[in-house]
2 protein chains.
Amino acid sequence: MGTHKQLTIGLFGFGVVGEGLYKVLQQTPSLNASIKKVCIKNFGKKRNAPAALFTTDKDELLNDRDINVIVEVIDDADAAFEIVTIALRNGKDVVSASKKMIAENLQALLELQQQTGKSFLYESAACASIPVIRNLEEYYDNDLLHSIKAIVNGSTNFILTKIIDEGLDFKQALLLAQQLGFAESNPVLDVEGFDAVNKWTFLLTHAFGIVPNPNSILFNGIQNIHSSDATVAKEKKQGIKLVAQAKKLNNGKVAAFVLPQFVNQDDHLAFVKNEYNGVVIESGFADKQFFYGKGAGSFPTASAVLSDISALRYEYKYEYKKLYHHQPHELSNDIFLTVYVSFDDLALIPKENLNGLKNGMHKQIENI
Amino acid sequence: MGTHKQLTIGLFGFGVVGEGLYKVLQQTPSLNASIKKVCIKNFGKKRNAPAALFTTDKDELLNDRDINVIVEVIDDADAAFEIVTIALRNGKDVVSASKKMIAENLQALLELQQQTGKSFLYESAACASIPVIRNLEEYYDNDLLHSIKAIVNGSTNFILTKIIDEGLDFKQALLLAQQLGFAESNPVLDVEGFDAVNKWTFLLTHAFGIVPNPNSILFNGIQNIHSSDATVAKEKKQGIKLVAQAKKLNNGKVAAFVLPQFVNQDDHLAFVKNEYNGVVIESGFADKQFFYGKGAGSFPTASAVLSDISALRYEYKYEYKKLYHHQPHELSNDIFLTVYVSFDDLALIPKENLNGLKNGMHKQIENI
């Protein structure tokens, strides 16, 4: 029933996600979408698809009038931004999975969408298979959203789970994550919190209409968490999670940060282990909602890309309601956090400061 | 950005959900939707809204050309079906919360949607604030959905939680549920599983393209669960939940039922306590996804109705892809369930059967 747009796709990237998508599309003929051409960087590699599908010339996709959808799943943020810009200007709808590119170019991408009127969808860029952006757009499209907190980075959550639940030290846990493909060989982006704060940047746009610079959000990674902290957490019957959080303050502004936190056992986020992600949304009318699923990996990501492609058939666009139809919120740093400090060597601290520090030592970063 | 349809609403029903919706709409002016008229059964009651808003004449809403959306949140399934039928035939989009009406008239409602081409949305009818229908439509719109299991009835889940976790007996738990407004004064619909199987009926349509008669689905409620069963569950370190379940079998057919089950502590559904609902969707590419939220109550329900209204602005329709664009699945009873039997009086059973029964006594209804 109903008619919908025939989608002819130009795909940039044929890594794990791109190839995953190619396979998923082959198994979903009902979608009425086909990949006409795939642009890759390196022609040399062996690919699990017909050679005629591939090109290294991006203009073959971007200037093809038959192609009405560009799907971009490449690693290079600068190249991705160029592709998205040209595609939108050329009248094509775009689906992207590049969180870093989106976070760094958010304002420009918003303007491009307004200028061109085309769809730019990126559900897979945050929490992969969990439809968090779409639900923020559609289900909390009013001023009633109180707070959102989430685990948005699967690699760090995997590492923390191994440290806390299984007693591994940081290096062992990281190595295991890399062996299982949950962390990059250069893990700095994940471990030091850059990836999480990138995702948080545009989730704040959909949640509260804020268009922040990633640098303006307080964040820290898990690089300094040691087995001794796991011991403290266990004593307190708590876990440690890298939590992205945002909350409306009494003054109407929004506090937002990404920090490792102690998490109680009965907290929704305590349920989120290993490479999974989870999102808790609190609103005035629906109370707390919890979304949970795989936050990384080729097929979960491809599955989210597929849902964006599917939405293009009825010309779905993000409306950014909180940004355009409301008085958008502002970020505020006018908050107090209780911080837990741990250190190895008491001798480094002047004796006169020691008592105060000792008393404060086991305080946790509490929910604001 | 973007233009969208101005929505003028005719609302049927001003009980807890109807009034909740009225309040929610007042707090979301950005939605560009207004209630023009409310049809109620009984003019006598005091209402928290201007008297001029109300009528008892349904034709005032159904024949008003300005009204382009009918929202129906009344209790009477037969009256609701008549209203929905006329509204769709009169060219209006419809939002409904009446699970019983939808389950009992599913085939007719599908035909009406095809004949009229209008939208008929009912997200609030299953799991209230959890966007399960929309996500089944949009995120699992292909042949890759393996299984879905869920807690879809908040009243029974509340009662079971009190029995298992707090040692109340069935009658005490039911009374408490009624006092807190989680169960009807006539609780048969909830307690004996009718409400759950009604919801499961149309969730099967969105999940697998099956349009079952509610009578054709194997179901049982929680009316026969006693404190002694709670003791057995505790010994096994398990909970008891009323689980709605459907799974694709190797023969391509789908097994579906609603039955109380033992649930392991590490099962997603074990997390779902009291009046909450939860849905676990397993698919080939996204793996397991878990949705959790309030499954009942005026504001959670109103919040889901609001999201349907919001979706009408861009003329969203359920596509029923699995029904119309695929070979729809069929239900099958060709499955084996391991059943746990409990009884009070061993003397009622002939001695020669006793050994076998005793051995089988503590077997659980296992996931198929």
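Above: the structure in question.
In what follows, the accompanying structure is described. Every chain is numbered on its own, with residues counted from 1 as its sequence reads. Here the convention is simple: chains get letters from A, ligands get numbers from 1, in the order in which they are written. Residues qualify for local features only when their pLDDT is at least 70, as the model is predicted, and side-chain atom pairs are given and counted only at 80 or more; totals for whole chains, interfaces and linings, by contrast, use all residues. Computation of side-chain values: all heavy atoms of the structure, hydrogens and water removed.

1. Remarks on the packing of aromatic side chains
The geometry of an aromatic ring pair comes down to the distance between the two centres and the angle between the two planes. Each pair of aromatic rings taken from Phe, Tyr and Trp, with Trp reduced to its six-membered ring, is defined by centres within 6.5 Å and is described as stacked if the planes are under 30 degrees apart, edge-to-face if over 60, and tilted in the remaining cases. Counted by the stated rule, this structure contains 35 aromatic pairs over all chains. Look at Phe-120 of chain A and Tyr-122 of chain A: their rings are 5.1 Å apart centre to centre, the planes differ by 50°, and that puts the pair in the tilted class. Tyr-122 of chain A gets classed as buried once you look at its relative accessible area, which sits at 0%. Between Tyr-292 of chain A and Phe-290 of chain B, the ring centres sit 6.3 Å apart and the planes meet at 75°, which makes this aromatic pair edge-to-face. Linking Tyr-292 of chain A in strand β12 (residues 287-294) with Phe-290 of chain B in strand β12 (residues 287-294), this pair reaches from one chain into another. The two residues Tyr-292 of chain A and Phe-290 of chain B agree in class, both being buried. Only when the NZ of Lys or the CZ of Arg is both within 6 Å of the ring centre and within 35 degrees of the ring normal is a charge said to sit over the ring. In this structure, Arg-134 of chain A packs its charged tip against the face of Tyr-316 of chain A, placed 4.9 Å from the ring centre. The buried label applies to any residue whose accessible area, calculated with a 1.4 Å probe on protein chains only, is under 20% of its type's maximum; exposed applies above 50%, and partly exposed to all values in between. Under the DSSP-based scheme used, a helix requires at least four consecutive residues in state H or I and a strand at least two consecutive residues in state E, with every element numbered from the N terminus.

2. What about the relation of the copies chain B and chain A?
Only residues with pLDDT of at least 70 in both copies count here: their C-alpha atoms drive the least-squares fit that superposes the copies. The transform that puts chain B on chain A rotates by 180° and translates by 0.0 Å along the axis, for an RMSD of 0.0 Å. A rotation of that kind, with that shift, is consistent with a two-fold axis. Of every C-alpha in chain B, the one belonging to Phe-291 of chain B sits nearest the axis of rotation, 2.4 Å from it.

3. Side note on the interface of chain B and chain A
With 50 residues of chain B at the interface, the matching set in chain A holds 50 residues. A 1.4 Å probe defines the accessible area here, and the buried area is the portion of it lost by two parts on being joined, summed over both. Counting each side, the surface lost to burial between chain B and chain A is near 4500 Å², with a carbon and sulfur contribution of 56%. A pair is scored as a salt bridge if a Lys or Arg side-chain nitrogen falls within 4 Å of a carboxyl oxygen belonging to Asp or Glu. There are four salt bridges connecting chain B and chain A. Between Lys-294 of chain B and Asp-287 of chain A there is a salt bridge, and its shortest N-O distance comes to 3.8 Å. Elements represented by at least two residues in the side of chain B that touches chain A include exactly α5 (106-116), α6 (132-139), β12, α12 (298-312) and α13 (321-324) of chain B. In terms of residue count, the dominant contributor to the side of chain B that touches chain A is β12 of chain B (eight residues). Summarising the sheet, β12 of chain A and β12 of chain B pair through three bridges and their orientation is antiparallel. Residue pairing in the sheet places Phe-290 of chain A in a bridge with Tyr-292 of chain B of β12 of chain B. Should any heavy atoms of two residues lie within 4.5 Å, those residues are counted as being in contact. In short, DSSP must find at least two bridges between two strands for them to pair.

4. Quick word on the pattern of salt bridges
Residue and element names in this part refer to chain A. Under the criterion given, the structure shown has 30 salt bridges over all chains. A salt bridge links Lys-149 to Asp-267; the nearest nitrogen and oxygen atoms lie 2.7 Å apart. Placement of Lys-149 in strand β7 (residues 145-151) and of Asp-267 in the loop between β10 (254-264) and β11 (276-283) is noted, with a sequence separation of 118 residues between them. As far as the burial class goes, Lys-149 and Asp-267 line up, both buried.

5. Let's talk about the sheet that holds strand β3 (residues 54-55) of chain A
Strand pairing in a sheet takes place through backbone hydrogen bonds and is either antiparallel or parallel in direction. All names here are of chain A. The six strands are arranged β3-β2-β1-β4-β5-β6 in an open sheet whose pairing can be described as parallel. Edge positions in the sheet fall to β3 and β6 (120-121), since each has one partner strand and no second. Think of each axis as a best-fit line through the C-alpha atoms, taken over the contacting stretch in the case of a helix, with angles from 0 to 180 degrees between the N-to-C directions. Helix α12 (residues 298-312) rests against β1 (7-12), β2 (33-39), β4 (69-72), β5 (93-96) and β6 of the sheet, and its axis sits at about 165° to β5.

6. Describing a nonpolar patch on the surface
Residue and element names in this part refer to chain A. On the surface, a nonpolar cluster with roughly 220 Å² of combined accessible area is contributed by Val-188, Leu-189 and Phe-194. Tracing the backbone through its elements, the reader meets Leu-189 in helix α9 (residues 188-191). Taking relative accessible area as the criterion, Leu-189 reaches 39% and is therefore assigned partly exposed. Patch rule: a residue counts if its relative accessible area is over 30% and it has no salt bridge; like charges are joined within 9 Å, and nonpolar side chains (Val, Leu, Ile, Met, Phe, Trp, Tyr) within 5 Å. Working definition of accessibility: Shrake-Rupley area with a 1.4 Å probe, residue cover restricted to the visible protein chains.

7. Structural notes on the pairing of strand β4 (residues 69-72) of chain B
All names here are of chain B. Judged by which residues are buried, β4 turns out to be covered on both faces: Val-69 and Val-71 on one side and Ile-70 and Glu-72 on the other are all buried. Of the pairings in the sheet, the one linking strand β1 (residues 7-12) to β4 comprises four bridges and is parallel in character. Bridged to Ile-9 within β4 is Val-69. In the sheet, β4 pairs with strand β5 (residues 93-96) via four bridges, with the strands oriented parallel. Each bridged residue has a counterpart across the sheet, and for Val-71 the counterpart in β5 is Val-95. Looking down the strands as they point away from the viewer, one classifies a crossover as right-handed if the path from the first strand across the helix to the second runs clockwise. Crossover handedness for the path β4 to helix α3 (residues 77-89) to β5: right-handed.

Geometry only, nothing functional implied.
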